[in-house]
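Chain by chain, the residues:
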Amino acid sequence: MSNIEQTLSIIKPDAVERNLQDQIKQEFINKGFEIIKEKKIHISKEDAEKFYKVHNSKPFYNDLCDYLSSGPIVVMTLQRESAVMENRKLMGATNPIDAEEGTLRKKYGISIDKNSVHGSDSLENARIELDFFFKN
Ligand code: UDP
Ligand code: MG
């Protein structure tokens, strides 16, 4: 039975700044993801606050929103079987120190805030986050 899903991936400012976007995109392709949509954008702090509003009570919220709006990012619609879970596996733990060998955050992440990639954490949030960036 096939379970094709779409999820949102973001290549965060630290990775775009180091020009890692093509390398990271190739990692997704190697793992069977299809990049259905893609755009490079620089969002405002207000949009970052909207995107991360689930975290608005966290102590790191303000820095997180400053950071996501600090430079260009690449947002993508990724598609494959079990895309949400498979993307989370490929990304690795939030803190690169805790991420497993071979994961994107282990390979490319600098710190818990500059951890190179975002990925939706559930199918429901994937739909919300894809709409946020790609709904016309
Ligand atoms: N974050 C942070 N400090 C923390 C926890 C999280 O700067 O103590 C940042 C980190 O960049 C993370 C983002 O906030 O990717 C969203 O946090 P979440 O817990 O949703 O982690 P993720 O789903 O990205 O693994
Ligand atoms: Mg999250």
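Conventions used here
Residues numbered from 1 in each chain as written. Chains lettered and ligands numbered in written order. Predicted model: local features only at pLDDT ≥ 70, side-chain atom pairs only at ≥ 80, totals over all residues. Heavy atoms only, no water. Helix = DSSP H or I, 4+ residues; strand = E, 2+ residues; numbered from the N terminus. Expected span 1.5 Å × (residues − 1). Contact = heavy atoms within 4.5 Å. Near = heavy atom within 4 Å. Polar contact = N/O pair within 3.5 Å; in protein donor to acceptor, adjacent residues only side chain to side chain. Areas by Shrake-Rupley, 256 points an atom, 1.4 Å probe, with all protein chains shown as cover. 1 Å grid on protein atoms, 1.4 Å probe; cavity = no way out; pocket = protein on both sides within 12 Å on 5 of 7 lines; lining within 4 Å. Sits in = over half its atoms within 2 Å of the grid points. Core = buried A, V, L, I, M, F, W, Y, C linked by side-chain atoms within 4.5 Å. Buried < 20%, exposed > 50% of the residue type's maximum accessible area, 1.4 Å probe, protein only.

Novice: Can you explain helix H7 (residues 123-134)? Please cite residues and give values.
Specialist: With 12 residues, H7 should cover 16 Å at 1.5 Å per step; its first-to-last C-alpha distance of 16 Å lies within 8% of that length. Among the structural elements, strand S1 (4-11), strand S2 (34-41), helix H3 (45-51), strand S3 (73-81), helix H5 (83-91) and strand S4 (117-119) are those in contact with the buried residues of H7.

Novice: Give a description of the site of ligand 1 that names residues and reports values.
Specialist: Around ligand 1 sit Lys12, His55, Phe60, Leu64, Arg88, Thr94, Arg105, Ile112, Asp113 and Asn115, and that is every residue in its neighbourhood. A distance of 2.6 Å is found between an oxygen atom of ligand 1 and a side-chain nitrogen or oxygen belonging to Thr94. For ligand 1, whose unbound accessible area comes to 500 Å², protein coverage reaches 78%. One can see that ligand 1 is located within the largest pocket.

Novice: Help me get a handle on the nonpolar core, residues and values and all.
Specialist: Within the largest apolar cluster, 16 residues are counted, with the highest numbers of intra-cluster contacts made by Ile11, Ile24, Phe28, Phe33, Met76 and Leu104. Residue contacts for Ile24: discarding those within four places in its chain leaves Ile11, Ala15, Leu104, Tyr108 and Val117.

Function-wise, these values are silent; they only describe arrangement.
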